[in-house]
Amino acid sequence: MSSEKMRAVLVKGGKGPSENLYIGEAERPKVGDGQVLVKIIAFGLNRMDILQREGVYPVPPGTTPILGVEFSGNVVEIGSGVESWKVGDEVMGLAYGGAYAEFIAVPASMVMPKPENLSWVEAAGVPENWLTAFQALVLIAELQKGQDILIHAGASGVGVAANQLARFYSANRVFTTVSSIEKINFLNSMGAGAPTHPISYKTQDFAEEVKKVTNGKGVDVIIDFVGPDYWEKNLKSMAKDGRMVMLGGLSGTELPATSMSPIIYNRLRIQGTTLRSRSQEYQENLVGHFAKEVLRHLRSQDSPDGLKVYIHDVKSWKEVRQAHDDMAASKNAGKIILTVD
């Protein structure tokens, strides 16, 4: 392979099922002004990767078709004007795409120093999930000390981060929905950052549970990935002046016939967001804000304290098909990470 090429995970035909994923040859990115080139050691999987592979997730204009938005690795080249990093620095970072590869070129402001107490695998599981959760809870929902919060998909990568950040920012009660007893046990094992009210959405009505525990008040904040199937119950679960942040639509994008009355009379605020569609300036500011407030508190999942990075499974990138299938089947409680070897 020439020095202008690299290995990367590609999709036969540009889109399709997981069987279309393979490791092939791609152009090695060239580092531009204000950028760093990183040799990737590990990268994280996210549901948007599956949607992009299937051809139903529009990527930002000009973005590489190579999957992946979060990674850890070593800086191997510095672009003009970059003074904050040097060759050899250990970093983790966020990208618009291209992390399923040996190398990635990103703006210098989009990488953070890899905490010494995190492994390469753990560091690769931080950027997308933790920044998404941080954006939703802190910047958009404006969670305040002593407020109650409901987090859906609580055992997902974003859900696990959001549960811990809710406690970190002194939420009162943290409710979270999960699909199985195993995931409830996982959340209960998290220790200091664990939710106190995990709810099995298969056997319990989360709106009834929330209202019962809050004595009819409801929660101040909801973080939702599901959409239509949860819409009515979400409205019933919200307290006056409640805020709901929509991060996805796992059950579709078309809402059922619904009444606007709860939104109007309870003064509810509902906002959708995606991190990947945000401008570079927004993402840079978000990375800086997160690095200042949260980064130093991150710990390995075996640590007795701190905000923990939970890894569900680690695979070689040669097993990328199976990794996608596992995530599509919601088998993970925590992050699925692939290593480049």
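Since we're looking at a predicted model, the values are computed, not measured.

Observations concerning the environment of Pro127
Relative to the helices and strands, Pro127 is located in helix H3 (residues 127-140). Put simply, Pro127 and Gly14 are 113 residues apart on the chain and 26 Å apart in space, counted from C-alpha to C-alpha.

A short note on the packing of aromatic side chains
Taken as a whole, this structure holds seven aromatic pairs when the rule is applied. With a centroid separation of 4.5 Å and an interplanar angle of 25°, the aromatic rings of Phe43 and Tyr100 are classed as stacked. Linking Phe43 in strand E3 (residues 35-44) with Tyr100 in the loop between strand E5 (90-94) and strand E6 (103-107), this pair joins segments that are 57 residues apart in sequence. Overall, the relative accessible area of 0% leaves Phe43 in the buried class. Here the aromatic residues Phe134, Phe168, Tyr169 and Phe290 are joined through ring pairs into a cluster of three or more. The positively charged end of Arg28 is found above the aromatic ring belonging to Phe103, 4.0 Å away from the centroid.

Looking at the layout of surface pockets
In this model, the largest pocket occupies a volume close to 1,300 Å³. At the level of secondary structure, the elements contributing two or more residues to the lining of the largest pocket comprise helix H1 (47-53), H3, helix H4 (157-168), strand E9 (174-178) and helix H10 (320-328). Of the residues forming the lining of the largest pocket, the biggest block, four residues, is contributed by H1. Residues that form the lining of the largest pocket fall into these classes: 23 nonpolar, 17 polar and five charged. As a volume, the second largest pocket reaches approximately 430 Å³.

Let's talk about the packing of H3 against H4
In contact at an axis separation of 8 Å, H3 and H4 are set at 50° when each is read in the N-to-C sense. Between H3 and H4, the interaxial angle falls into the category oblique. The hand of the H3/H4 crossing is right-handed. Contacts between H3 and H4 involve Asn129, Trp130, Thr132, Ala133, Phe134 and Leu137 from the first element and Gly157, Val158, Ala161, Ala162, Gln164, Leu165 and Ala166 from the second. Looking at side-chain class alone, the contact of H3 with H4 contains nine nonpolar, four polar and no charged residues.

Side note on empty space enclosed by the protein
The tally for this structure, following the rule as stated, stands at one cavity of 30 Å³ or more. Roughly 60 Å³ of volume is contained in the largest cavity. Residue lining of the largest cavity: Gly125, Asn129, Trp130, Gly157, Val160, Ala161, Val309, Tyr310, Gly334 and Lys335, and that is the complete set. At the level of elements, H3 and H4 are the ones that each hand at least two residues to the lining of the largest cavity. If one sorts the elements of the lining of the largest cavity by residue count, H4 sits on top with three residues. By residue class, the composition of the lining of the largest cavity is five nonpolar, four polar and one charged. When residues of the lining of the largest cavity are assigned to domains, at least three fall in each of domain 1 (5-114 + 310-339) and domain 2 (129-272).

Concerning the sheet that holds E9
Spatially, six strands are ordered E10-E9-E8-E11-E12-E13 in an open sheet, and the strand pairing comes out parallel. The open sheet has two free edges, formed respectively by strand E10 (197-200) and strand E13 (269-272), since each of these has just one partner strand. This sheet shows a mean twist of 15° between the axes of neighbouring strands, independent of strand direction. Note that E9 and E10 share four bridges and pair parallel. By the bridge assignment, Val178 is partnered in E10 with Ser200. Packing against the sheet, H4 makes contact with strand E8 (149-151) and E9, and its axis sits at approximately 165° to E8. Packed on one face of the sheet, helix H5 (residues 181-188) meets E9 and E10 and runs near 150° to E9.

Some points on the pattern of salt bridges
One pass over the structure, following the stated rule, counts 15 salt bridges. Salt-bridge contacts for Glu90 lead to Lys114; the nearest nitrogen and oxygen are separated by 3.9 Å. Remark: Lys114 occurs in the loop between strand E7 (111-113) and helix H2 (120-124) and Glu90 occurs in strand E5; sequence separation between them is 24 residues. On the basis of relative accessibility, which here comes to 41%, the residue Glu90 falls in the partly exposed class.

Rules used throughout
Residues numbered from 1 in each chain as written. Predicted model: local features only at pLDDT ≥ 70, side-chain atom pairs only at ≥ 80, totals over all residues. Heavy atoms only, no water. Helix = DSSP H or I, 4+ residues; strand = E, 2+ residues; numbered from the N terminus. Phe/Tyr/Trp six-rings, centres within 6.5 Å; stacked < 30°, edge-to-face > 60°. Buried < 20%, exposed > 50% of the residue type's maximum accessible area, 1.4 Å probe, protein only. Lys NZ or Arg CZ within 6 Å of the ring centre and 35° of its normal. 1 Å grid on protein atoms, 1.4 Å probe; cavity = no way out; pocket = protein on both sides within 12 Å on 5 of 7 lines; lining within 4 Å. Points joined across faces, edges and corners; volume = space filled by probe spheres on them. Nonpolar A, V, L, I, M, F, W, Y, C, P; charged D, E, K, R; others polar. Axes fitted to C-alpha atoms, helices over the stretch in contact; angles between N-to-C directions. Parallel < 35°, antiparallel > 145°, perpendicular 65-115°, else oblique. Left-handed = near helix turned anticlockwise from the far one by under 90°. Contact = heavy atoms within 4.5 Å. Domains from an automatic or database assignment. Pairing = 2+ DSSP bridges. Salt bridge = Lys/Arg side-chain N within 4 Å of Asp/Glu carboxyl O.

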